[in-house]
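# Structural characterization, general
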Amino acid sequence: MEDEVDRLVRAWRRERPDLDVEPLEVLSRVSRLARHLDRARRLAFAELGLETWEFDVLTALRRAGTPYQLSPGQLLTQTLVTSGTMTNRIDRLAKKGLVERGPDPSDRRGVLVRLTTAGQDHADRALAGLLTQERAILARLTTAQRRELASLLRELTAPFDNPAV
């Protein structure tokens, strides 16, 4: 079965035979798949009125385990945003009653962001909806193919997540 990337690679090979366009065969597909995944995420979160960034923050807190709290710095690391952006996001989630700020007992000047009961419910329900959407996206692959794809993608992403010091 042919896809849009096959067509664009064929066109580039015709128009620019002097260039090796092989990277497009992988990375253009990853890019297109990311757009489809973004649509699936928006659909999964729409029922709860959540934005993707809200899901990212709520689930970072949920994954932290009881008492479902992290410092703003830990949230920055997990969500890859700037501190100003994180402050704004925490403010917006607090106004919705999904998180609350509290003092950090180990640092007088520090703050911890804690998931509220409503925030935990939203995170759990959004994750369940997302997994339904993601299973549908991966349905054409066998279990072995999904594992192989996950392993190959890990090879590409690990250097970004673990930069050399």
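Fair warning: this is a prediction, and the values are worked out from it, not measured in the lab.

### Quick word on a nonpolar patch on the surface
Taken together, the side chains of Val-26, Leu-27, Val-30, Leu-33, Ile-137, Leu-138, Leu-149, Leu-153 and Leu-156 define a hydrophobic patch exposed on the protein surface, amounting to about 700 Å² of accessible area. Contributing elements (two or more residues each) for the nonpolar patch: α2 (22–46), α6 (117–138) and α7 (143–161). Residue contributions to the nonpolar patch peak at four residues, all from α2. Counting through the fold element by element, Leu-33 comes out in helix α2.

### Considering the sheet that holds strand β1 (residues 69–70)
With respect to topology, three strands assemble into an open sheet ordered β1-β3-β2, the strand pairing being antiparallel. Every other strand in the sheet has two partners, leaving β1 and β2 (99–104) as the edge strands with one partner each. The pairing of β1 with strand β3 (residues 107–115) spans two bridges and is antiparallel. Residue pairing across strands places Leu-70 opposite Val-113, the latter belonging to β3.

### Re α7
Taking 1.5 Å per residue, 19 residues should reach 27 Å; α7 reaches 25 Å between its end C-alpha atoms and fits that length. Along α7, the sharpest change in direction is near 35° and occurs at Glu-155; proline Pro-159 comes one to four residues later.

### Points about the layout of surface pockets
Estimated volume of the largest pocket: approximately 1,200 Å³. In terms of lining residues, the largest pocket is bounded by 30 residues, among which Arg-29, Leu-33, Ile-137, Leu-138 and Leu-149 are the most central. The set of elements that each furnish at least two residues to the lining of the largest pocket consists of α1 (4–15), α2, α6 and α7. Among the elements that take part in the lining of the largest pocket, α2 stands out by supplying eleven residues, more than any other. For the lining of the largest pocket, a count of residues per class yields 16 nonpolar, one polar and 13 charged. The space that makes up the second largest pocket amounts to roughly 160 Å³. Together, Asp-56, Thr-59, Ala-60, Arg-63, Gln-78, Thr-79 and Leu-80 line the second largest pocket. Elements with a contribution of two residues or more to the lining of the second largest pocket: α3 (52–63) and α4 (72–79).

### Section: the environment of Leu-130
Turning to its location among the elements, Leu-130 is positioned in helix α6. Once the C-alpha coordinates of Leu-130 and Ala-150 are considered, the two residues, 20 residues apart in sequence, prove to be 18 Å apart.

### A word on the UniProt feature "domain: HTH marR-type" (unreviewed entry) in the protein
Look at the UniProt record and you will see "domain: HTH marR-type" (unreviewed entry) annotated at residues 23–158. Annotation note: span residues 23–158, helix share 70%, strand share 12%, distance between end C-alpha atoms 18 Å.

### What about the packing of α2 against α3?
Contact geometry of α2 with α3 gives a least axis separation of 10 Å together with a crossing angle of 75°. In terms of orientation, α2 and α3 fall into the roughly perpendicular class. On α3, the residues touching Asp-38, Arg-41, Arg-42 and Phe-45 of α2 are Thr-52, Phe-55 and Asp-56. Classifying every residue of the contact of α2 with α3 by side-chain character gives two nonpolar, one polar and four charged.

### Thoughts on unusual backbone geometry
Across the junction of Thr-66 and Pro-67, the peptide omega takes the value 10°, indicating a cis bond. Position of Pro-67 among the secondary structure elements: in the loop between α3 and β1. Notably, Tyr-68 is not glycine yet its phi reads approximately 55°, a positive angle. Residue Leu-80 is not a glycine yet carries a positive backbone phi of 60°. If you trace the backbone, Leu-80 turns up in the loop between α4 and α5 (83–95).

Conventions adopted
Residues numbered from 1 in each chain as written. Predicted model: local features only at pLDDT ≥ 70, side-chain atom pairs only at ≥ 80, totals over all residues. Heavy atoms only, no water. Patch = residues over 30% accessible without salt bridge, like charges linked within 9 Å, V, L, I, M, F, W, Y side chains within 5 Å. Areas by Shrake-Rupley, 256 points an atom, 1.4 Å probe, with all protein chains shown as cover. Salt bridge = Lys/Arg side-chain N within 4 Å of Asp/Glu carboxyl O. Helix = DSSP H or I, 4+ residues; strand = E, 2+ residues; numbered from the N terminus. Pairing = 2+ DSSP bridges. Expected span 1.5 Å × (residues − 1). Bend = angle between axes of the 7 residues up to and from the residue. 1 Å grid on protein atoms, 1.4 Å probe; cavity = no way out; pocket = protein on both sides within 12 Å on 5 of 7 lines; lining within 4 Å. Points joined across faces, edges and corners; volume = space filled by probe spheres on them. Nonpolar A, V, L, I, M, F, W, Y, C, P; charged D, E, K, R; others polar. UniProt positions renumbered as here; feature names shortened; annotations may be inferred. Axes fitted to C-alpha atoms, helices over the stretch in contact; angles between N-to-C directions. Parallel < 35°, antiparallel > 145°, perpendicular 65-115°, else oblique. Contact = heavy atoms within 4.5 Å.

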